[in-house]
Structure formats: structure tokens, C-alpha cells
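# An overview of the molecular structure
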Amino acid sequence: MSKVDVLLGLQWGDEGKGKAVDFLAPNYDIVARFQGGPNAGHTLEFKGKKHVLHQIPSGIFHPNITNIIGNGVVIDPIIFRKEINALQPFDINPIQTLVLSNKAQLIIPTHSLLDKGLEQEKGTNKIGSTLRGIGPAYQDKVGRYGLRVGDITEADFKAKYNKLTSQHVAMLQRLGVAVDFTAQESEFFESLEILKRFKIQSTEYLINNAILNGKSILAEGAQGTLLDVEFGSYPYVTSSNTTAAGACTGLGIAPNKIKNIFGIFKAYCTRVGSGPFPTELEDEQGNELRRLGNESGATTGRPRRCGWLDLPALNYACMLNGVTQLFMTKADVLSDMQRVKVCYDYEINGKTTKEFPFQYSRMHTAKCRSIGGWSLAGKFTFDSLPENLLRFISEIEHYTRVPVQMISTGPDREDTIIKPN
Ligand code: IMP
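One structure accompanies this document, and this report is about it. It should be emphasised that the depicted structure is a prediction, and the values quoted were computed from it without experimental measurement.

We now examine the pairing of strand β3 (residues 42-46). The alternating pattern of β3 places His42, Leu44 and Phe46 on a buried face, while none of Thr43 and Glu45, on the opposite face, is buried. For β3 and strand β4 (residues 49-53), the ladder comprises 5 bridges, and the chain directions are antiparallel. Residue pairing across strands places His42 opposite Leu53, the latter belonging to β4. Between the end of β3 and the start of β4, which pair antiparallel, lie 2 residues, with Lys47 showing a positive phi angle near 45 degrees.

This is the structure in C-alpha cells:
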């Protein structure tokens, strides 16, 4: 019997999970997304081509891999259709290799309108949502109003849709949002016809039978641990469980089936949207990181906030997920900096702590130490990496007690260095 590995982000998303899954995917029979929806943007780069996936698992470019959109995901059929169309130039056949859970929730046009209305209502406390309707769709799921992918072939689907939409319209009127969504509605129903061409089934059986038959599975997380609805910087979070536990509920996998947990993190930190960010650089150095790291959102194009690596936050994420191996991305972005900083502790109300606080305010300080910089010009193996970078890595391993197994030094599949066992 085989086991399942989980790959997830340890920061505020955008850690480079798309590249990591794409790199690891050839080792697996199945790649499955377990939470989130079109708020995600997983960027893959190969053979000089760049591609961003939002809802489709990152194993899609490998013809022998089955890709699953699990029950924990919220699917926007309009965006799904666009994503499928964007795959046309590639020599792949997603109808054959992509399977949708009948229990995944649908994002309907009024969900995105509600997202906008609810954000406006929050005023200066807005979350900075991607406005893809994620929060309202998960609200309907737990409120037990939601529509699921398996419902679309049922005779009463239109009636259920109309009922939910009229509830949303009443809410939108209260929020003062204009409620003309005729164009999106016809696009939505056209897109459902595309969805119907795919295999829609109880994917929990598909996955568990695959486990019994010795197949290997990679569960692909979206967003990051610090955006988790339970443990992230609430309320500035997304609406799903981005942690390893989310792979169990979002795919129907028992915890004892999970083996490796690959935690992806950037050599520094970024965040889009509002909310606390202890090591944020709101100065020229932050602008420099943004420029060098090309830090703008893969989904919304918004500039990302940038700051130094935050070890207490990374350690918290390793603890919550039981990370077995770390994968550090974008080490090349810090290349050629004179000095690189790392946060080891926070100072909160005069006390030093290594614990991620319940609430982080501007009165708190991230206490950083600096390490000498490195240059990544040229080709490297793990052991020939510059001394200061190796020191940076060993500080991370010492702090988190988790080995850094892979390092990414550029966007291409080829720019990946693996630590020898
Ligand atoms: P929502 O999930 O669209 O409601 O957004 C909630 C928060 O999570 C906002 O701060 C978003 O910017 C952030 N967020 C959502 N998805 C991603 C992602 O894939 N990468 C990074 N941040 C994200």
C-alpha cells in the first residue's frame, strides 16, 4: 500500500508551489488539489514558456499523471473554462487526465459580487481578498446552502441555483451593490457544459483505491499556512484550511496515509492583501526585493509586500503541518546583496518570544540579525553553494529542526538543487 505526500506553502502564499509540484510530479501517479480555488496562481516555467494555473492541479502538463480537483476546492466554472482553453497550445488532453470531485463547491457569479460588496463594507479593515468569490462560496458551504459540482447534472439544479441567487441578490441589495449579472450568468451556464465533459465522481474512492493499489499521490496545497482560516493571521486569511490537515478533509484521506510533508518557503517573505507582516520592509530595500523577485500577484497582478525571512513564523508553520522536508525558493533573489536579514524573535510588550502572536500590531518588533550575502552566478551543486548561503540554510534547519532538501535558484525546472542524502 502506498502513501500520500503533501506539498504546501509555509508563508502567506506565492512561495513557488507550482514549480515545486511540477518538479516533483513525475514521481507520482496522481496530483490532487485539496483546497482553495481561483484565488490561487501557481506559476510553472519550462522550455522558456510561463504558465499560470489557478484551479487545475500542477501535474496537468505530465500526460501520465491523473489530476484531481478534490472536494475541498471551490470551482469557478467560468475561470475553469478559460484555464482549459489556455492549455490548448500544449500537447495534453485534460479531459483524459483531469477528474473533478462531485463534492467540490461551485462558485456562482453572485459569489464574486458578494466578495466585492463585503470587502467594501469592511472599509479600512478590508482583507484584501482576490475578489474571486472564495469567502462567500465557503460561507455557503458551511452554511449548507452551497451548490456542488455533482449537482449540475441533476434535474433541479436550475431551481437550486435560482434559490441561492435570490438569497444573494437580497444580500447584495443590502450592501448597495449593483446586481446586473446577466452576462456572467449566461457565461456560467455555458461553462457548465464544459465542466460536464470531464469525469465527475466521488474522488475519495478514486484516491483511496489508488492508495490500496500501490499508486503514489501528491496533495497540492494552495495559498500558505499563515493564510489558514484556523491558524493564520485571522481575520486576514483565506477561507479554507491550507495546512496538512486540509489534505485529509479536502480529499478524503485518513491522516495515517500521509507520509512526507514538503513545506515550501521563500528565502524572504511576501504577502498580498492586508494584515500583519512582522518583517515587512516598507522602505527602499522592500522595493528592491519586489523588483528583483518580480513580486506581483500571479492572480491579481497586485504588488506584493516584501520583507525578511521570519523564522518564528516558519517554525510555527513547520509545527502545524509536521513538515518533514523543506524546499527553499528564490535564493537567487537575495544574490549579490551585501547583507541579508533574518528574524529570530519578536518583541511584544517588552518581552521576547519565538511564538507567533495571537495578534501582531505595529507596536511589536521583529528582531532580526544579519548574515553576509552570497552570489549565485554560475552553476552549483548543494555542496558547492556559497558559504554564506549554506550558513543561512543551516540556521533555518537548526531553528525549525527540519532539513532543507531542495533549493530553487531560478524559475525554470532546471534551476533546482537537491541536497544529497
Ligand atoms: P481570498 O482567499 O481571495 O478571500 O483572499 C484572502 C487573503 O488571502 C487576501 O489577503 C489574499 O491576497 C490572500 N490570498 C488568497 N489567495 C492567495 C494566493 O494564492 N497567494 C497569495 N495570497 C493569497
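So, about unusual backbone geometry. Where the residue is not glycine, phi is negative for most of them; where a peptide bond is considered, it is trans in most cases. Omega for the bond connecting Tyr234 with Pro235 falls within 30 degrees of zero, at 5 degrees, which places this linkage in the cis form. By secondary structure assignment, the location of Pro235 is in the loop between β10 (217-220) and α9 (244-251). The backbone phi angle of Asp14 is positive, close to 60 degrees, even though this residue is not glycine. Inspection of the secondary structure puts Asp14 in the loop between β1 (4-9) and α1 (17-24).

Note that soluble globular proteins tend to have their nonpolar side chains buried in a common cluster. By size, the foremost hydrophobic cluster in this structure holds 57 residues, and its most contacted members are Met328, Leu334, Phe392 and Ile396. In terms of residue count, the dominant contributor to this core is helix α12 (residues 387-400) (5 residues). Excluding residues within four positions of it along the chain, Ile396 makes contact with Phe265, Leu309, Leu311, Leu314, Leu326, Met328, Arg401 and Val404. Ranked by size, the runner-up nonpolar core spans 39 residues in total, among them Ile69, Ile84, Phe181 and Leu195.

Neighbouring the ligand are 16 residues, the closest being Asp14, Asn39, Thr130, Thr238 and Arg302. A distance of 2.6 Å separates an oxygen atom of the ligand from a polar atom in the side chain of Thr238. Across the shell around the ligand, the residue classes break down as 6 nonpolar, 8 polar and 2 charged.

What follows deals with α9. Extensive coverage of α9 is indicated by the burial of 6 of its 8 residues. The set of residues buried in α9 consists of Ala244, Gly246, Ala247, Cys248, Gly250 and Leu251. Packed against the buried residues of α9 are β1, β2 (30-33), α8 (203-212), β10, β11 (258-266) and α11 (311-321). Positioned one or two residues after α9, Gly252 has a phi angle of 80 degrees, which is positive.

With that settled, the discussion passes to the sheet that holds β2. Judged by pairing direction, the sheet is mixed, and its 10 strands sit side by side in the order β9-β7-β5-β2-β10-β1-β11-β15-β19-β20 without closing on themselves. Of all strands in the sheet, those bounded by a partner on one side alone are β9 (199-201) and β20 (416-418). Shown here is a sheet whose adjacent strand axes are inclined to one another by a mean of 20 degrees, direction ignored. Here strand β5 (residues 66-69) runs beside strand β7 (residues 98-101); their pairing, made up of 3 bridges, is parallel. Paired with Ile68 across the two strands is Val99, which belongs to β7. Across the sheet, α8 is in contact with β1, β2, β5, β7, β9 and β10; its angle to β7 comes to roughly 125 degrees. Strands β11, β15 (325-329) and β19 (404-408) of the sheet are contacted by α12, whose axis makes an angle of about 140 degrees with β15.

Rules used in this analysis
Residues numbered from 1 in each chain as written. Predicted model: local features only at pLDDT ≥ 70, side-chain atom pairs only at ≥ 80, totals over all residues. Heavy atoms only, no water. Buried < 20%, exposed > 50% of the residue type's maximum accessible area, 1.4 Å probe, protein only. Helix = DSSP H or I, 4+ residues; strand = E, 2+ residues; numbered from the N terminus. Pairing = 2+ DSSP bridges. Core = buried A, V, L, I, M, F, W, Y, C linked by side-chain atoms within 4.5 Å. Contact = heavy atoms within 4.5 Å. Near = heavy atom within 4 Å. Polar contact = N/O pair within 3.5 Å; in protein donor to acceptor, adjacent residues only side chain to side chain. Nonpolar A, V, L, I, M, F, W, Y, C, P; charged D, E, K, R; others polar. Axes fitted to C-alpha atoms, helices over the stretch in contact; angles between N-to-C directions.

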